[in-house]
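An overview of the molecular structure
These are the residues of each chain, in order.
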Amino acid sequence: MNAKPGSKWRAFSAFAGIISLLPLVAYFLIPSLAARADLAIQHSIPLAGLWVACTAISWGFAIWWLRAGIQRVEKIAKKLTRASRIERNKKTDIRQIENFLPSDKKRFDPLKYVNPAKGVFLGLSEENNSIYITKGDWETDHLLTTGRTRSGKGVASQILGTQSIRLGELFVVLDPKCDNWMPHIFFNACKEAGKPYHFLDLRQSAHPQINLFDGCSEEVIENMFLAAFSLAEKGDNADFYRLGDRKAARQAAGFITKNPGVTPLQVLDNFREEWTENAAGFAAALAEMAELPSVNRRSGGIDIEALARTGGCLYVVGDMLNTRIIRMQRMLLMRLMLLAKNRDQLADHRIIRVLADEFRVHISRPFIVGLAAAAGWRLLVILAMQSFEDLRDCPADLDQDMVRGAVIENCALQLSYRIKDHNTAELLAMTTGEILVDDESRQIERNVALAETVSGMRSVRQADRYLVDVNMIKSLPVPDPDKKTIGCGVLVGASKLAQFCFTSPIQVERTRQAITPTTSQPAQSELQYSVEDKIAKIESLE
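Numbering of residues starts from 1 in each chain and follows the order in which that chain's sequence is written. Predicted model: local features are reported for residues with pLDDT of at least 70 only, side-chain atom pairs are reported and counted for 80 or more only, and whole-chain, interface and lining totals are derived from all residues. Think of the side-chain values as coming from all heavy atoms in the structure, minus any hydrogens and water.

Moving on, we get to the overall build of the protein. Put simply, DSSP marks the helices as runs of H or I at least four residues long and the strands as runs of E at least two long, and each gets a number from the N terminus on. Across its full length, the protein carries 17 helices and 13 strands. Burial status follows relative accessibility: with a 1.4 Å probe on protein chains alone, a residue under 20% of its type maximum counts as buried, one over 50% as exposed, and anything between as partly exposed. In the protein, which comprises 542 residues, the proportion classed as buried is 47%. Sequence separation of at least 24 residues holds for 77% of the intrachain contacts in the protein that already meet a minimum separation of 6. Accessible surface area values rest on a Shrake-Rupley calculation with a 1.4 Å probe, where residue burial reflects the displayed protein chains alone. Approximately 27,600 Å² of the protein is accessible, and the part contributed by carbon and sulfur atoms is 53%. Residue contacts follow a heavy-atom distance rule, with two residues in contact if any of their heavy atoms lie within 4.5 Å.

The next point concerns the nonpolar core. In these notes, a set of buried Ala, Val, Leu, Ile, Met, Phe, Trp, Tyr and Cys residues joined through side-chain atoms within 4.5 Å is what counts as a nonpolar core. Phe-186, Phe-225, Phe-229, Trp-275, Phe-282 and Met-331 are the most contacted members of the largest nonpolar core, which has 136 residues in total. Among the elements that take part in this core, helix H12 (residues 323–341) stands out by supplying 11 residues, more than any other. Sequence-distant contacts of Phe-229, defined by excluding residues within four places in its chain, comprise Phe-282, Ala-285, Leu-286, Arg-327, Met-328 and Met-331.

On to the pattern of salt bridges, then. By salt bridge we mean one thing: a side-chain nitrogen of Lys or Arg within 4 Å of a carboxyl oxygen of Asp or Glu. Following the criterion strictly, the structure yields 13 salt bridges and no others. Residues Asp-269 and Arg-272 are paired through a salt bridge, measuring 3.0 Å at the closest nitrogen-oxygen approach. In this structure Arg-272 comes out as partly exposed when scored by relative accessible area, which is 30%. For Glu-389, the salt bridge goes to Arg-392, with nearest N and O atoms at 2.5 Å. With relative accessibility at 28%, the residue Glu-389 sits in the partly exposed group. The network of salt bridges with shared partners includes Lys-177, Asp-357 and Glu-358.

Now for the environment of Asn-188. As for its placement among the helices and strands, Asn-188 is situated in helix H5 (residues 182–193). By relative accessible area, Asn-188 is classed as partly exposed at 27%. Between the C-alpha atoms of Asn-188 and Glu-509, which are 321 residues apart in sequence, the distance is 8.8 Å.

So, about the packing of helix H13 (residues 365–374) against helix H14 (residues 400–410). Helix axes are fitted only over the stretch in contact, all axes being lines through C-alpha atoms; the angle between N-to-C directions runs from 0 to 180 degrees. At a minimum axis distance of 9 Å, the contact between H13 and H14 shows a crossing angle of 30 degrees. Here H13 runs over H14; the crossing is left-handed. Residues Arg-365, Ile-368, Leu-371 and Ala-372 of H13 pack against Met-402, Val-403, Ala-406 and Asn-410 of H14. Note on residue categories: nonpolar means Ala, Val, Leu, Ile, Met, Phe, Trp, Tyr, Cys or Pro, charged means Asp, Glu, Lys or Arg, and polar means any other residue, Gly included. Per-class residue counts for the contact of H13 with H14 are 6 nonpolar, 1 polar and 1 charged. If you view the pair so one helix is near and one far, a crossing is left-handed when the near helix is turned anticlockwise from the far one by less than a right angle, and right-handed when it is turned clockwise.

This part is about the side chain of Gln-209. Positionally, Gln-209 belongs in the loop between strand E5 (197–201) and helix H6 (218–228). Here Asp-201 takes part through its backbone oxygen, which lies 2.6 Å from a polar atom of the side chain of Gln-209. Among all residues touching Gln-209, those that are not within four sequence positions of it are Phe-199, Leu-200, Asp-201, Pro-293, Ser-294, Arg-297, Gly-301, Ile-302, Pro-517 and Thr-519. Polar contacts, as used here, are pairs of N or O atoms within 3.5 Å; protein pairs need one atom able to donate a hydrogen and one able to accept it. Residues neighboring in sequence count only if both atoms are side-chain atoms.

Turning next to H5. What a helix should span is 1.5 Å times the count of its residues minus one. When the terminal C-alpha atoms of H5 are compared, their 16 Å separation across 12 residues agrees well with the 16 Å that a helix rising 1.5 Å per residue should span. The set of residues buried in H5 consists of Met-182, Pro-183, His-184, Ile-185, Phe-186, Phe-187, Ala-189 and Cys-190. Where H5 is buried, its residues touch helix H4 (153–166), strand E4 (170–175), E5, strand E6 (312–317) and strand E7 (352–356). Trailing H5 by a residue or two, Gly-194 shows a phi angle of about 70 degrees, which is positive.

With that out of the way, let us pick up the pairing of E4. Taking burial as the measure, the 6 residues of E4 include 6 buried ones, the bulk of the element. Strands are labelled as partners when DSSP assigns at least two bridges between them. Pairing of E4 with E6, which is carried by 6 bridges, proceeds in the parallel orientation. Bridged to Leu-174 within E6 is Val-316. Pairing of E4 with E7 involves 5 bridges; the strand directions are parallel. When the bridges of E7 are listed, Leu-174 appears paired with Ala-356.

Packed helix pairs are specified by the crossing angle of their axes together with the interaxial distance, meaning the distance between the axes. Running from N to C, helix H7 (residues 239–258) and helix H10 (residues 280–290) point in directions that differ by 50 degrees, and their axes come no closer than 7 Å. With respect to each other, H7 and H10 are oriented oblique. Across from Asp-245, Ala-248, Ala-249 and Ala-252 in H7, the residues of H10 making contact are Ala-280, Gly-281 and Phe-282. By residue class, the composition of the contact of H7 with H10 is 5 nonpolar, 1 polar and 1 charged. Oblique is the label for every angle not falling under 35 degrees (roughly parallel), over 145 degrees (roughly antiparallel), or within 65 to 115 degrees (roughly perpendicular).

The next subject is a positive patch on the surface. Exposure above 30% relative accessible area and the absence of a salt bridge qualify a residue for a patch, where like charges join within 9 Å and nonpolar side chains (Val, Leu, Ile, Met, Phe, Trp, Tyr) within 5 Å. Positive charges come from Lys and Arg alone, negative charges from Asp and Glu alone, with His and the N- and C-terminal ends not counted. In plain terms, the charge of a residue is placed at NZ if it is Lys, CZ if Arg, CG if Asp and CD if Glu. A surface patch of positive charge is lined by Lys-106, Arg-107, Lys-483 and Lys-484. As for its position among the elements, Lys-106 is in the loop between helix H2 (47–80) and strand E1 (120–124).

Attention now moves to a nonpolar patch on the surface. Taken together, Phe-61, Trp-64, Trp-65 and Val-73 make up a surface patch of nonpolar side chains, about 380 Å² in accessible area. Within the secondary structure, Phe-61 is located in helix H2.

All right, on to the packing of aromatic side chains then. Between rings of Phe, Tyr and Trp, where Trp is taken as its six-membered ring, a pair exists when centres lie within 6.5 Å; planes separated by under 30 degrees are stacked, by over 60 edge-to-face, and by other angles tilted. Per the stated rule, a full pass over the model turns up 16 aromatic pairs. An angle of 70 degrees between the planes, with centres 5.6 Å apart, marks the rings of Phe-229 and Phe-282 as edge-to-face. Here the residue Phe-229 occupies a position in the loop between H6 and H7, and Phe-282 occupies one in helix H10, the gap between them amounting to 53 residues. On the basis of relative accessible area, Phe-282 is assigned to the buried category, the value being 0%. A network of ring pairs unites the aromatic residues Phe-213, Phe-225, Phe-229, Phe-255, Phe-271, Trp-275 and Phe-282 as a single cluster. Lysine NZ or arginine CZ positioned within 6 Å of the ring centre and within 35 degrees of the ring normal marks a charge as sitting over the ring. A cation sits over an aromatic face here: Lys-105 above Phe-502, 5.3 Å from the ring centre. The ring of Trp-138 is capped by Arg-353, whose NZ or CZ atom sits 3.6 Å from the centre of that ring.

All we've got here are geometric facts, nothing functional implied.
Here is the structure:
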């Protein structure tokens, strides 16, 4: 407890008084001692003057000691004090966060550590031990990767995708921003594994390469329309008009299954009059799909079902801004989910593993609802995003909290790199679990000279913190090209406690073939309509 002000003044006066009396004692004591030693000493200073001078000096020294001297002694004592060895981990301090994080690591060749007998290699621990995802976890769990731009998410995807291809899975990459290295890495992986590699360019300038409805049942096509065009009920006044849009989706699905190879523009021609009045929204969305050449190939395009049987890689380049292309990305993801769902579940099928980069542009209600059951259909996903704030950009027929909950709950494996968003960092820290730490408390007193001093006694009590807390996640090491250091993430799951994981890029040579659409430009005779005819027909629907 702090002393009362009166007692502080009495203690200060006593301290200063004792110091001021010492010269007086010496004034009389020194001559007496000198006489015994046969020394002649005479005082040249008057007693009163000496007393006044000593009193002033003693009071000045007392004030300096109380305001500055004690604190300097405390600093020296703190440096000399040896802390208890039984004291456990402490809470982190952002000012000394480097004491809680692993040191930077240089690049290494991840392919040297690949060993299927041990599992799927991901990276190195802070002790340079290899980190593997067990076969059981790899074949049953979805993976969530989060982190700011250039933190290491793409590097982790490189090594995981390469091993997926080597294991004979169908690895599908949905890349809306056209990564500089991943197409070349996966092209090389397919070449070494003897697996097919297909590059699908969904962008507006690309030629016809695929018919997304090829080989699909009426039910599958209808669900693809519902996912891509967001036709589910949204709880607003427009739900009444969506009834007509959903009816049009069923009509279009039936027409496509009865007429294999038909294009969206031909579907629009067939239902033009009816949809103009009763399903204008669906007709407009389908017209936008008809304007995108890449998904309007009549025959000879990429066969997704064949790829699911053989394994390999389908690399899809899309867009993050163009609404028409975003819809096609959602439709393709739904096509893959339904392909896995409708396979004979008694047979042993290849795993279809999808890397959905920038996940927010791939979200649809049917996909989120089906995510919980997808692993049972042997469809597994790697969801990559910067933070949970990205999920605010989900379609209107979805609740962002529901999407976030579905992602966290269904992704048993989580790899988190440095994140700026505090809310995301806190959610990810929670998944690492809590540990007991020692929380120190000290007593601070203010003396009569108005200086605060720390009591020499300290108390330690049990407290808790996340194993990897918010400060640590927001300060994880990131790659530095100049120093050739690599990024570090926090791996949660993998049948172990959360641990630091350093991931290093795969080095390959970039080639033109890896980013060239696999299917060639169709002959003019294969095109149902010329570009001019398409524009004219679409304008006639408006």
